[in-house]
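So the chains spell out like this:
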Amino acid sequence: MSSSHPSPRVGVIMGSKSDWPVMEHAAAMLERLGVDYETRVVSAHRTPDLLFDYAKSAAERGIQVIIAGAGGAAHLPGMVASQTAVPVLGVPVESKALKGLDSLLSIVQMPGGVAVGTLAIGKAGATNAGLLAAQIIGTSDVTVREAVEAFRAEQTRNVLDNPDPSQA
Ligand code: RP5
């Protein structure tokens, strides 16, 4: 999957390359909905200066939503949100030791005044972060809104057309 469109509107960032098997589902949803995005490793702990540069320059580079995934002591989404007014969606990545509960609690418990929209742990959260980013952009972009509506309609049709769970 391509990781860099020339004019990305969504930044998909993650604390480590090891987060990619989860975060690629956010990228896949954006790809499906025709929203340009970029993917980057930006670590709150290992590359704090890069985190600040990324967050501070996001708006002027045309980034409209940032999806930030991290695991364990998952400070990335909150610290990014502290440095930009671009909406930040946090994805808790499953950790080996605590299965992502640590990631979830690290991301969701933001102090009042700095907002992070926290999604579910793992693949579902990453998928929905891509979807929600498209829905946010869709409030002012009819093409993206229609792509979201078409995706949702297809999903509904797939369920209704396959009512018997024992059939493949
Ligand atoms: C976090 O630490 C990353 O987001 C990742 O989920 C976790 C482990 O990183 P690695 O040690 O696999 O690079 O910062």
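The rules behind these values
- Residues numbered from 1 in each chain as written.
- Predicted model: local features only at pLDDT ≥ 70, side-chain atom pairs only at ≥ 80, totals over all residues.
- UniProt positions renumbered as here; feature names shortened; annotations may be inferred.
- Helix = DSSP H or I, 4+ residues; strand = E, 2+ residues; numbered from the N terminus.
- Contact = placed C-beta atoms within 7 Å.
- Buried ≥ 20, exposed ≤ 12 C-beta atoms within 10 Å, placed from the backbone.
- Near = placed C-beta within 6 Å.
- Nonpolar A, V, L, I, M, F, W, Y, C, P; charged D, E, K, R; others polar.
- Arc of directions from axis to C-beta.
- pLDDT = per-residue confidence, 0-100.
- Core = buried A, V, L, I, M, F, W, Y, C linked by C-beta atoms within 7 Å.

Participant: Which residues make up the UniProt feature "binding site: substrate" (unreviewed entry) in the protein, and what values do they have?
Facilitator: UniProt feature "binding site: substrate" (unreviewed entry): in the numbering of this structure it lies at Ser-16, Asp-19 and Arg-46. These annotated residues cover 31 residues of sequence, and their C-alpha atoms all fall within 14.4 Å of one another, placing them together at a single site. Within the secondary structure, Asp-19 is located in the loop between strand E1 (10-14) and helix H1 (20-33). What Asp-19 contacts, discounting residues up to four positions off in sequence, is Met-14, Gly-69, Ala-70, Gly-71 and Val-93. We classify Arg-46 as exposed; it has 11 C-beta atoms within 10 Å.

Participant: Go over the site of the ligand, please, and point to the residues and values.
Facilitator: The immediate surroundings of the ligand are formed by Met-14, Gly-15, Ser-16, Ser-18, Asp-19, Ser-43, Ala-70, Gly-71, Gly-72 and Val-93. Here the shell around the ligand is built from residues that sort into three nonpolar, six polar and one charged.

Participant: Quick rundown of helix H2 (residues 48-58)? Include the residues and the values.
Facilitator: Buried residues of H2: Leu-51, Tyr-54, Ala-55 and Ala-58, and no others. Buried positions in H2, seen along its axis, are confined to an arc of 90° and lie on one side of it. Exposed and oriented more than 90 degrees from the buried face of H2 are Asp-49, Lys-56 and Ser-57. In the core, the buried residues of H2 are packed alongside E1, strand E2 (37-41), strand E3 (65-71) and helix H3 (76-81).

Participant: Before we move on, can you summarise the confidence of the model for the protein with the specific residues and values?
Facilitator: Model confidence for the protein is summarised by a mean pLDDT of 96, while 98% of its residues fall at 70 or above. Across the assembled chains, the prediction reports ipTM 0.97 with pTM 0.96.

Participant: Hey, could you go over unusual backbone geometry for me, with residue numbers and the actual values?
Facilitator: Here the phi dihedral of Lys-99 falls at roughly 60°; this positive angle occurs in a residue that is not glycine. Tracing the sequence through the fold places Lys-99 in the loop between strand E4 (88-93) and helix H4 (101-108).

Participant: Account for the nonpolar core, with residues named and values stated.
Facilitator: Side chains that are nonpolar tend, in soluble globular proteins, to be buried together. Core analysis: the biggest nonpolar cluster contains 46 residues, and Ala-26, Leu-30, Ile-67, Val-91 and Ala-133 have the highest contact counts within it. The set of elements that each furnish at least two residues to this core consists of E1, H1, H2, E3, H3, E4, H4 and helix H5 (123-138). If near-sequence neighbours (up to four positions away) are discounted, Leu-30 is found in contact with Val-10, Val-35, Tyr-37, Gly-130, Ala-133 and Ala-134.

Participant: Can you lay out the UniProt feature "domain: PurE" (unreviewed entry) in the protein for me, pointing to particular residues and giving the numbers?
Facilitator: In this numbering, the UniProt entry assigns the feature "domain: PurE" (unreviewed entry) to residues 8-159. Across residues 8-159, the secondary structure splits into 48% helix and 16% strand, with the terminal C-alpha atoms separated by 33 Å.

Participant: Give a detailed account of H4, specifying residues and quantitative values.
Facilitator: What H4 keeps buried is the set Ser-103, Leu-104, Ser-106 and Ile-107. Down the axis of H4, the sector holding all buried residues measures 170°, keeping them to one side. Buried-residue contacts for H4 involve E3, H3, E4 and strand E5 (117-118).

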